[in-house]
Amino acid sequence: MKSFDYIVVGGGSAGCIVAARLVKEAGARVLLLEAGSDEYHPVLKMPAGYMKYLASDKFLTMHQTEPQPQLNGRGVIVPQAKVLGGGSTVNAMVYMRGHRQDYDDWNQALGGEGCDWSWDSLLPHYTAIEDNDHLGAPYHGVGGPMKVSHLGHFSPLSRAYVKTMQALGIPYTPDFNTGNPFGVGFMQHTIDWQTRKRCSVVDAFINPLRQDPRLVIETQARVQELLFEGNVVKGVRYSRNGDIHRAEATKEIILAAGAYQTPKLLMLSGIGPKEHLAEHGITLRQHLPGVGQNLQDHYEVPVVATTRGAYGYYGQDRGWPMVKAGLQYLLFKTGPVTTTGVETCAFFDPLDFSATPTIQMFCVPTVYLDRDVMGADPGHGVTVNSLLLRPKATGRVTLRSANAGDLPAIDTQIFGHPDDVARTLAGFRFARSVIGAQPINQMIDAEIFPGNDVTSDQAITEHCKRMVKTGYHPVGTCRMGHRDDPLAVLTSDLRVRGVKHLRVVDASMMPNIISGNTNAVVMAVAHRAASLIMGQEQVSVHAAAAEITA
């Protein structure tokens, strides 16, 4: 059996950062196991290139979620990265940190036990990671491994959207990452401003260590179960290239497989709700009823309109426009290839501009829907997506079987709470008012989806049920919590309760979802997790006692 100091399960944004820091700063021998490939297509390095793979299973696992009665039986498709670097390799590269209130809510869930997870406590980890193209202290880092910049190109529709939102009373903000993301502006992305290429965690953290023998990376490696001695996790059993392997860790096992796969692996290993494990004939090792519960995600609903001209990106990915844009990018690192196509957004509460934002509204400068759903051909247009930031309904992740090869069952519970429907309706109506206001309305031809005849709350609700989609931000399925919380899976220092030498460092740990795109948050959490593992941040005696008795 191969032996290492640490084994990291999951080579996504969290796993790569933790593994790299343990090797580089602690001199540890680390095995990093990733179920996907270590394969990069040059197109994915281009800012606009990720759109080529949104519906592909080459780098994504497509989870068909459970049918939702409240969505008239519809189950949405939720993709998950299956490639080294995880979401940072295939996502839209948005760099967003959320609202400081989100982190206060984490602390409230912990009841004052142990580690402080406030905005101020995580800010040093954000800045340590970051190398920003033009923003600096106190909110941004300069010289870190992760490149962050504005996009290299903005469409006329994006510019008009920003001006229109200001006309409607939403102020302009130059920086969404100061802890109060209110207003409208242009988003920053994890893109190197010098090369105009994606900066993934592989680029930033793994590639500099490729030749270090202390870091062993195995891809196409599917972990099937954790190996125990008593209540101590000692290693993992995994399959690779048709063979079964075992590896042990003398210090810790670190789970970073994401909000779907991390709870699945815990349950397959006997850690989770005892009744559910018994249904699948799995021997119980630690009864933790919260494993797989508390699933949260962001959900968005569109308003779509055609435009009077080519103000966006329709048709830019084929024919002569594609060739011309490609040459411009290769020769000058400028033009449409330097944009992700989603350049701007706004944070606000459509019912009260003075309240904490409840909606993140994106402007997509094209018709961003499949024509078989719309009943209309793609063309020049604009899609305004209203994304719900703090859904109240929570779903769950459970096992389909005791077979490690089966995907987990995912019950999203989208619109499972009436407040979520009400907020989504308010966001939809505001999005409709945006395309009807100046100056963007000068570019608008007609609303085509759902259409001007859809006006009643009931009709709009049906549109939302039909078209709601994931924001690609699942979190919360192994949440932190205080010792008296029956659904808490983790202590404040990310240890799994009731077992030893096991932590979770991915988005599963969040008690509540962050108000914005989650990749930056996961990176900061992983950076801090590495500090906790290495003893660079101390946990209070009270928290340590709580972990021992959990």
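Definitions and cut-offs
Chains are numbered independently. Their residues run from 1 in the order of the written sequence. Side-chain atom pairs in this predicted model are given and counted only at pLDDT of 80 or more, local residue features only at pLDDT of at least 70, and totals for whole chains, interfaces and linings cover all residues. Each side-chain value is worked out from all heavy atoms of the structure, with water and hydrogens disregarded. UniProt positions are given in the numbering used here, feature names are shortened, and annotations may be inferred rather than shown by experiment. In what follows, a contact means two residues having at least one pair of non-hydrogen atoms within 4.5 Å. Secondary structure counts use DSSP, requiring at least four H or I residues in a row for a helix and at least two E residues in a row for a strand, with both numbered from the N terminus. As defined here, a cavity is a set of points on a 1 Å grid over the protein atoms alone where a 1.4 Å probe fits but cannot get out. A pocket is an open set with protein on both sides within 12 Å along at least five of seven lines, and residues line them when an atom is within 4 Å of a point. Grid points are joined across faces, edges and corners, and a volume is the space filled by probe spheres set on the points. Classification convention: Asp, Glu, Lys, Arg as charged; Ala, Val, Leu, Ile, Met, Phe, Trp, Tyr, Cys, Pro as nonpolar; all other residues, Gly among them, as polar. In this analysis, strands are considered paired if DSSP registers two or more bridges between them. In this description, a line fitted to the C-alpha atoms serves as the axis of each element, helices being fitted only across the stretch in contact, and the angle between N-to-C directions of two axes falls anywhere from 0 to 180 degrees. Here, the term disulfide refers to a pair of cysteine sulfur atoms separated by no more than 2.5 Å.

The next thing to look at is the UniProt feature "binding site: FAD" (unreviewed entry) in the protein chain. As recorded in UniProt, the sites labelled "binding site: FAD" (unreviewed entry) are V83, N91, A92, M93, V94 and V223. Taken along the chain, the residues just named run across 141 residues; in space they spread out, the farthest C-alpha pair reaching 29.5 Å. Excluding anything up to four places from it in sequence, M93 contacts P47, Y50, Q188, H189, T190, I191, R198 and T340. The topology assignment puts V94 in strand β5 (residues 94–95). Beyond its immediate chain neighbours, meaning those up to four positions away, V94 contacts M187, Q188, H189 and N517.

Here the UniProt-annotated "domain: Glucose-methanol-choline oxidoreductase N-terminal" (unreviewed entry) positions come out as residues 81–104 and 258–272. Helix makes up 38% of residues 81–104 and strand 12%. Its end C-alpha atoms lie 29 Å apart. The distance separating the terminal C-alpha atoms of residues 258–272 is 16 Å; by composition the span is 73% helix and 13% strand.

To locate leftover empty space, one rolls a probe as large as a water molecule over the atoms. Using the criterion set out here, one finds one cavity of 30 Å³ or more in the structure. Split by residue class, the lining of the largest cavity holds six nonpolar, three polar and one charged.

Turning next to the layout of surface pockets. Taken as a whole, the second largest pocket holds about 200 Å³ of empty space. Along its surface, the second largest pocket is lined by A20, R21, K24, E25, A128, I129, P145, A204, F205, P208, L209 and H527. Broken down by secondary-structure element, the contributors of at least two residues to the lining of the second largest pocket are α1 (13–26), α5 (119–129) and α7 (201–206). Here the lining of the second largest pocket takes four residues from α1, the largest share from any one element. Looking at side-chain class alone, the lining of the second largest pocket contains eight nonpolar, one polar and three charged residues.

What follows deals with the sheet that holds strand β7 (residues 146–150). Taken in spatial order, the four strands make up an open sheet running β5-β9-β7-β6, and their pairing is mixed. The open sheet has two edge strands, β5 and β6 (130–132), and neither has a second partner. Seen against the sheet, α5 touches β5, β6 and β7 and runs at an angle of roughly 65 degrees to β6.

In a disulfide, the sulfur atoms of two cysteines are covalently bonded to one another. By the definition in use, this model includes zero disulfides. Left without a disulfide partner, C199 is nearest to the cysteine sulfur of C16, which lies 12 Å away. As a non-bridged cysteine, C345 has C363 as the owner of its nearest cysteine sulfur, 11 Å distant.

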